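This is what each chain is made of:
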Amino acid sequence: MARIMIIDDDIELTDNTALLMRQKGHEVATLYTTGEALRRIAEDQPDIVILDVMFPDNPVAGFDLARQIRRTKAIKDLPIILLTGINQDFPMDFSSQDIDPDWMPVQDFMEKPVKIPVLLDKLNRLLKKR
């Protein structure tokens, strides 16, 4: 199965999602901040990253991390699923149509609250492409 890294400051969501993915046979690592995320991703080499956008210290940290991943040669092609509640907190109306190689360099986008079956479907689809 896949090696997945979930990076989200919502501990309950992160831990519950990780538990469900482990039950599906995946190996899951979790981080609750973006501080060491780039280093950990480069070291651990996950098959896919599930990444939140907003963190307490930086409301666009997920976007910033996604861009850093794309600029890091060893992990630049790593699939990223972006999870966010940003549309609930700010009237920005982000959607998967905003995916862009420079601005929002991810493979997929999901609004919170996340429906786990939909997330698993997106995860499996992206893993098959690798």
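See above for the structure.
Residue numbers restart at each chain and count upward from 1, following the sequence in its written direction. pLDDT decides what is reported in this predicted model: residues at 70 or higher carry local features, side-chain atom pairs at 80 or more are listed and counted, and totals for whole chains, interfaces and linings draw on all residues regardless. Calculated side-chain values reflect all of the structure's heavy atoms, with hydrogen atoms and water omitted.

Student: Please clarify how the packing of helix 2 (residues 37-44) against helix 3 (residues 61-70) should be interpreted in this entry.
Tutor: When two helices pack together, their arrangement is given by the angle between their axes and by how far apart the axes lie. All axes are obtained by fitting lines to C-alpha atoms, using only the stretch in contact for helices, and the reported angles, taken between N-to-C directions, cover 0 to 180 degrees. Only DSSP runs of H or I covering at least 4 residues are called helices, and only runs of E covering at least 2 are called strands; the numbering of each starts at the N terminus. At a minimum axis distance of 10 Å, the contact between helix 2 and helix 3 shows a crossing angle of 40°. When the interaxial angle is binned, helix 2 and helix 3 end up oblique. Judged by the sense of rotation from one axis to the other, the crossing of helix 2 with helix 3 is right-handed. Between helix 2, through Ala37, Leu38 and Ile41, and helix 3, the contact on the second element is made entirely by Leu65, Gln68 and Ile69. Here the term charged refers only to Asp, Glu, Lys and Arg, the term nonpolar to Ala, Val, Leu, Ile, Met, Phe, Trp, Tyr, Cys and Pro, and the term polar to all other amino acids, Gly among them. In terms of residue class, the contact of helix 2 with helix 3 is made up of five nonpolar, one polar and no charged. Here is the rule for angles: anything less than 35 degrees is roughly parallel, anything more than 145 is roughly antiparallel, 65 through 115 is roughly perpendicular, and the remaining ranges are oblique. Crossings are classed by handedness, with left-handed meaning an anticlockwise turn of the near helix from the far one by less than a right angle and right-handed meaning a clockwise turn. Contacts were defined at the residue level, with two residues in contact if any of their heavy atoms lie within 4.5 Å.

Student: Could you clarify how one ought to interpret the pattern of salt bridges in this entry?
Tutor: Once the charged atoms of two side chains with opposite charge are near each other, the side chains can pair. Whenever Lys or Arg places a side-chain nitrogen within 4 Å of a carboxyl oxygen from Asp or Glu, that contact is recorded as a salt bridge. One pass over the structure, following the stated rule, counts nine salt bridges. The closest approach of N and O atoms between Lys76 and Asp77, which form a salt bridge, is 3.5 Å. Because the salt bridges share partners, they merge into one network encompassing Asp8, Asp52 and Lys112.

Student: Mind showing me how you'd approach empty space enclosed by the protein here?
Tutor: The gaps left among the atoms become clear once a water-sized probe is rolled over them. The rule is simple: put a 1 Å grid over the protein atoms alone, call a set of points where a 1.4 Å probe fits but cannot get out a cavity, call an open set with protein on both sides within 12 Å along at least five of seven lines a pocket, and count a residue as lining if it has an atom within 4 Å of a point. Grid points are joined across faces, edges and corners, and a volume is the space filled by probe spheres set on the points. With the rule as written, the count across this model stands at one cavity of 30 Å³ or more. For the largest cavity, the calculated volume is near 30 Å³. At three residues, helix 1 (residues 11-23) tops the list of elements feeding residues into the lining of the largest cavity.

Just geometry here; none of it tells us what the structure is for.
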